[in-house]
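Okay, here's what each chain looks like letter by letter:
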Amino acid sequence: MNITRLDVEHVAKLAKLEFSTEEFAAFSKDFQDIVGMVETLSEVDTTNVEPTYHGNSIINAFREDVAIDSHHQEALLANAPSAEDGYIQVPVIIESEEA
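Before going into details, it helps to say that this report is about the structure given with it. All of these numbers come straight from a predicted model, not from anything done at the bench. (Residues numbered from 1 in each chain as written. Predicted model: local features only at pLDDT ≥ 70, side-chain atom pairs only at ≥ 80, totals over all residues. Heavy atoms only, no water.)

**Side note on the overall build of the protein**
Short version of the rule: Numbering of helices and strands runs from the N terminus; a helix is a DSSP stretch of H or I covering at least four residues, while a strand is a stretch of E covering at least two. Just to be clear, the radius of gyration here is over C-alpha atoms, and the globule rule we use is 2.2 Å times residues to the power 0.38. In this scheme, a residue with accessible area under 20% of its type's maximum is buried, one over 50% is exposed, and one in between is partly exposed, where area comes from a 1.4 Å probe on protein chains only. The accessible surface values rely on the Shrake-Rupley method and a 1.4 Å probe; as for residues, cover is taken only from the protein chains in view. His is not counted, nor are the chain ends, whereas Lys and Arg count as positive and Asp and Glu as negative. A single reference atom marks each charge: NZ on Lys, CZ on Arg, CG on Asp, CD on Glu.
Secondary structure summary: the protein contains 3 helices and 2 strands in total. When the elements of the protein are put in sequence order from the N terminus, they spell out α-α-α-β-β. Taking 99 residues into account, the globule formula puts the C-alpha radius of gyration at 13 Å, and the protein, at 30 Å, lies well above it. Here the C-alpha coordinates of the protein stretch approximately 70 × 55 × 25 Å along the principal axes. Taking all 99 residues of the protein together, the buried fraction comes to 8%. Carbon and sulfur atoms make up 57% of the accessible area of the protein, which amounts to about 9,900 Å² in all. Taking the average place of the 5 positive charges on the side chains of the protein and the average place of its 20 negative ones, the gap between the two points comes to 14 Å.

**Considering helix α2 (residues 21-42)**
Working note: α-helix, 3.6 residues per turn, so residues spaced by three or four point in the same direction. In plain terms, the rule: Given a helix with a known number of residues, its expected span is that number minus one, times 1.5 Å. Starting at the helix axis, one direction is taken to each C-beta atom, and the arc is that of these directions.
Taking 1.5 Å as the rise per residue, α2 with 22 residues should run 32 Å; its terminal C-alpha atoms sit 32 Å apart, in good agreement. Regarding α2, the residues found buried are Phe24, Ser28 and Val35. Down the axis of α2, the sector holding all buried residues measures 45 degrees, keeping them to one side. When the buried face of α2 is taken as reference, the exposed residues oriented beyond 90 degrees from it are Glu22, Lys29, Met37 and Leu41.

**Points about the nonpolar core**
This is how it is decided: Nonpolar core, defined: a set of buried Ala, Val, Leu, Ile, Met, Phe, Trp, Tyr and Cys residues in which side-chain atoms within 4.5 Å join the residues together. Contacts are residue-level and defined by heavy atoms, with any inter-residue pair within 4.5 Å sufficient.
With 5 residues, the main nonpolar core is built from Ile3, Val8, Ala12, Phe24 and Val35. Counting only elements with at least two residues in this core, the list comes to α1 (5-14) and α2. Setting aside residues no more than four positions away along its own chain, phenylalanine 24 makes contact with Arg5, Val8, Glu9, Ala12 and Phe19.

**Things to note about the packing of aromatic side chains**
Selection criterion: The criterion for an aromatic pair is that two Phe, Tyr or Trp rings (for Trp, the six-membered ring) have centres within 6.5 Å, with stacked assigned to planes under 30 degrees apart, edge-to-face to planes over 60 apart and tilted to the rest.
Throughout the structure, instances matching the rule amount to 3 aromatic pairs. Summarising the aromatic geometry, the rings of phenylalanine 19 and phenylalanine 24 are spaced 5.7 Å apart at their centres and angled 85 degrees between planes, so their arrangement reads as edge-to-face. On the basis of relative accessible area, phenylalanine 19 is assigned to the partly exposed category, the value being 25%. When the ring of phenylalanine 27 is compared with that of phenylalanine 31, the centres are 6.1 Å apart and the planes differ by 35 degrees; the resulting orientation is tilted. Taken together, the residues span about one helical turn, with phenylalanine 27 and phenylalanine 31 both in helix α2 at a distance of 4 residues. An aromatic cluster of three or more residues is present, and its members are Phe19, Phe24, Phe27 and Phe31.

Here is the structure:
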């Protein structure tokens, strides 16, 4: 497959990119090299090769869904710089306009 300047211009337009004349020439060559590598891969015989969906053999490790008491409000609020009525106090970041 031969990648032309028109092909590069089309892809650039889809990606909303603008290139100089020199850049179009460079991209045409780069795209041609990439397509050539992909065409080389298509020549490889993969008849008895199982598809690889992931590089690691990941097995789901489920744990039992058990509720535990992990909410220690007093200990959590002790780490806050300022707290009142069970809530962490933060600076006001929204300013309202007076009508």
